[in-house]
Amino acid sequence: MTGTDARDDTTTRAARGTEAGGRALWSRDFALFFVARAVARLGDTMLPVALAAGLLEHGYGAGAVGLAMASTAAAFAGLVVLGGVVADRISTRRLMIGADLVRLVTQSLAACLFFTGHVVLWQICAIGFVNGVAGAVFQPGVASTVPRLAADIQGANGAIRTAESAAQLAGPAVAGLLVGFASPGGVFAAHAATYATSALCLLLLRLPPLPEGVRAVSGRGMRAFRVDLVQGWREFRSRSWLWGVIAVWCLYMIAVWGPTVPLVATEVVQQHGPRAYGLINSALGAGTVVGGLMALRLRPRRMLRAGALALFAFVGFPAAVGAGLGVSAMAAGAAVAGAGMSFWGVMWATSVQTQVPADVLNRIHAYDVAGSLAMMPVGQALAGPAADALGVGHVLLISAATSLVVAATLLAIPAIRNLVRADTSLVRADIDVVGADPSAPAR
């Protein structure tokens, strides 16, 4: 751990105190945010079904479906860092409401296109691109909103992760029913309604103001914008535990998650049929729910160490499929893997939200998201050639072995394994006090 890390950790722990005096997790405002996140996740998991069914119904192929999805992913990944800078300069609540309203309009437009039968690929891609831009503006604010609403930040992240996992299980099934009984346009209309619900919840939200000194805005104009962007990078780079995890995660995305998702789908569908793949996916989703529930109860002192230990469980997913085991064994491996991934996700999110100063948290979270996503397309692109050269089973077994290497590497880095959790109650207390007295001095 660097000297900067040590100073950050000491200052953060001293400022944040103990959790004993914090407010209860299920406040009115956290409940509104919880509903907003769960409903939005439900809609997002319905979208791939709607796109696939709708475009195929209108004569387009799988390539068009991939292009429509890629338009959203490219806009999001390319702009999320800039979204983090914007979120640190403007009210995150207003940005999130605005992003939801933009997506309400775009998805309503998409619903009209599918209802009327006037479906043109470039229009669908343009709508997807706008959605990606809105998502890039929305996402950074999520990280800084959780600590302002809940004293128990780990509990809040665990609850949200559990709800999002349950929504991910339900979303494709709900979309399938809507396609069957209505049309793909009905799914887009329902998706638009989820954004309306999210925007309404955020509108009703009473978000405590940050201290004046926390808003370290360097001025207006492009030069000031670039200064904020550089400052965010410096803050990111100064924490070895933070950039260390992201660097290791790049390997994970290239060699583990990137190839596992498409190759598992290919192998299971070819060998056992689509129903078996659906069962395994459901098991993975159920495991993530269990992992979220575990994260609600377990409170390790060294959160990233505990999360890295949980990551060892992921080996069961690619290993079971790569070894050609039965569907039941694959489902069991997927469930255990999902639990480990979900537990790690809560430990990581909570560490970032409690260790990083509020004035740069949105930017740091944006760098985190961008770094996590950047290498996934590389892994997906390499999966096909690697499978052609080595065979799907062998590539999945290599991914399984690499997942063990990734978890072991995280544990081998002192700055990561020795990072001590930051207590969280005084963060909320400080915000409440400063919010009540705007003239209070900046920290």
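You'll find the structure just up there.
A few points on the structure. What you are looking at is a predicted structure, and each value in this text was computed from that prediction instead of being measured.

### Some details on the packing of aromatic side chains
Here's step 1: Inspection of the entire model under this criterion finds nine aromatic pairs.
Here's step 2: Taking the centre distance of 6.3 Å and the plane angle of 45° together, the rings of Phe30 and Phe34 count as tilted. Taken together, the residues span about one helical turn, with Phe30 and Phe34 both in helix 2 (residues 28–57) at a distance of four residues.
Here's step 3: Residue classification places Phe30 among the buried positions, given a relative accessible area of 0%.
Here's step 4: With a centroid separation of 4.3 Å and 15° between ring planes, the pair formed by Trp249 and Tyr252 is classed as stacked. Here Trp249 pairs with Tyr252, and both are found in helix 9 (residues 240–272), just three residues apart, close to one helical turn.
Here's step 5: Within the aromatic cluster, the residues linked to one another by ring pairs are Trp241, Trp249, Tyr252, Trp257, Phe314, Phe317, Trp344 and Trp348.
Here's step 6: One residue, Arg103, lies across the ring of Phe138, its end atom 5.0 Å from the ring centre.

### Here's the deal with the nonpolar core
Here's step 1: Of all hydrophobic cores here, the largest spans 56 residues; its most connected members are Trp241, Trp348 and Leu410.
Here's step 2: When residues in this core are grouped by element, the largest group, 12 residues, is from helix 9.
Here's step 3: With residues near it in sequence (within four places) discarded, Leu410 still touches Val245, Val248, Ala308, Leu311, Trp344, Ile416 and Arg417.
Here's step 4: Among the nonpolar cores identified, the runner-up in size contains 21 residues, and Ala99, Leu149, Cys201 and Leu205 belong to it.

### Side note on the side chain of Arg239
Here's step 1: Inspection of the secondary structure assignment puts Arg239 in the loop between helix 8 (222–237) and helix 9.
Here's step 2: Of the residues examined, Arg239 reaches a relative accessible area of 1% and is grouped as buried.
Here's step 3: In terms of polar contacts, Arg239 uses its side chain to reach the side chain of Ser238, at 3.3 Å.

### Some words on the packing of helix 11 (residues 303–311) against helix 13 (residues 327–355)
Here's step 1: As a packed pair, helix 11 and helix 13 sit with axes 8 Å apart at the nearest point and diverge in direction by 160°. Relative to helix 13, helix 11 is oriented roughly antiparallel. For helix 11 against helix 13, the interelement crossing comes out left-handed. Residue-level inspection shows Met303, Leu304, Ala306, Gly307, Ala308, Ala310 and Leu311 of helix 11 in contact with helix 13, the latter providing Gly340, Met341, Phe343, Trp344, Met347, Trp348, Thr350 and Ser351.

### Points about the environment of Gly98
Here's step 1: Mapped onto the fold, Gly98 is located in helix 4 (residues 92–116).
Here's step 2: By relative accessible area, Gly98 is classed as partly exposed at 30%.
Here's step 3: A C-alpha to C-alpha distance of 9.0 Å links Gly98 and Val137, two positions 39 residues apart in sequence.

Reading the values: the criteria
- Residues numbered from 1 in each chain as written.
- Predicted model: local features only at pLDDT ≥ 70, side-chain atom pairs only at ≥ 80, totals over all residues.
- Heavy atoms only, no water.
- Phe/Tyr/Trp six-rings, centres within 6.5 Å; stacked < 30°, edge-to-face > 60°.
- Helix = DSSP H or I, 4+ residues; strand = E, 2+ residues; numbered from the N terminus.
- Buried < 20%, exposed > 50% of the residue type's maximum accessible area, 1.4 Å probe, protein only.
- Lys NZ or Arg CZ within 6 Å of the ring centre and 35° of its normal.
- Core = buried A, V, L, I, M, F, W, Y, C linked by side-chain atoms within 4.5 Å.
- Contact = heavy atoms within 4.5 Å.
- Polar contact = N/O pair within 3.5 Å; in protein donor to acceptor, adjacent residues only side chain to side chain.
- Axes fitted to C-alpha atoms, helices over the stretch in contact; angles between N-to-C directions.
- Parallel < 35°, antiparallel > 145°, perpendicular 65-115°, else oblique.
- Left-handed = near helix turned anticlockwise from the far one by under 90°.

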